[in-house]
Amino acid sequence: VKRFQRDLHDCANCIQDAKTLKERVVTMYRTYVDDADIIADSESGVRTSEEKRQRDHLEKTVGALKRQLASDADSRRVEFHRIMRENQRLMREVEALRVKSFDGVVVTAVK
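A few points on the structure. Since the model is a prediction, treat every value here as computed from it, not as a measurement.

## Considering the overall build of the protein chain
And then number 1: From N to C terminus, the protein chain includes three helices and zero strands.
And then number 2: Mapped in sequence order, the helices and strands of the protein chain form the string α-α-α.
And then number 3: By element, 59% of the accessible surface of the protein chain is carried by carbon and sulfur atoms, the whole surface being about 10400 Å².

## Comments concerning the packing of helix α1 (residues 2-13) against helix α2 (residues 18-32)
And then number 1: Packing of α1 against α2 leaves a shortest axis separation of 9 Å and a crossing angle of 165 degrees. With respect to their mutual orientation, α1 and α2 come out roughly antiparallel. Seen along the crossing, α1 lies across α2 with a hand that is left-handed. Counted together, R3, F4, D7, L8, D10 and C11 of α1 and L21, R24, V25, M28, T31 and Y32 of α2 form the full contact between these two elements.
And then number 2: Of the residues that constitute the contact of α1 with α2, the class distribution is seven nonpolar, one polar and four charged.

## Focus on the pattern of salt bridges
And then number 1: Summed over all chains, the structure comprises nine salt bridges.
And then number 2: Measuring nitrogen to oxygen at the nearest pair gives 3.3 Å for the salt bridge that ties R98 to E95. A residue pair is termed a helical-turn pair when its members lie 3 or 4 positions apart in one helix, as R98 and E95 do in helix α3 (residues 35-104) at three residues.
And then number 3: Classification of R98 as partly exposed rests on a relative accessible area of 43%.
And then number 4: What you see here is one network of salt bridges that share partners, running through E79, R82 and E86.

Cut-offs used in this document
Residues numbered from 1 in each chain as written. Predicted model: local features only at pLDDT ≥ 70, side-chain atom pairs only at ≥ 80, totals over all residues. Heavy atoms only, no water. Helix = DSSP H or I, 4+ residues; strand = E, 2+ residues; numbered from the N terminus. Areas by Shrake-Rupley, 256 points an atom, 1.4 Å probe, with all protein chains shown as cover. Axes fitted to C-alpha atoms, helices over the stretch in contact; angles between N-to-C directions. Parallel < 35°, antiparallel > 145°, perpendicular 65-115°, else oblique. Left-handed = near helix turned anticlockwise from the far one by under 90°. Contact = heavy atoms within 4.5 Å. Nonpolar A, V, L, I, M, F, W, Y, C, P; charged D, E, K, R; others polar. Salt bridge = Lys/Arg side-chain N within 4 Å of Asp/Glu carboxyl O. Buried < 20%, exposed > 50% of the residue type's maximum accessible area, 1.4 Å probe, protein only.

What follows is the structure, encoded as structure tokens:
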């Protein structure tokens, strides 16, 4: 930090000479700003937009899957109720046939 302050103070001393000031500022920039930081920042921007695009895609996919799950659950519920009604109807029919067959048969006890 002290070195940066010293270099900045040296730049301030050259404020009257624009060309020298520019050279010192460029030198300070090269000294204190790492090229890898600049590249990382630009990649970070690309990465951020890519992450946003992927997040949007995943949110749409999750929404579609939730709708499909609700639709499938509704279909299963309707099918379950249809099968239950059919089973109840068949059970009543079996009971009616059982009653009808016992009406015509005389039960005798074997001794």
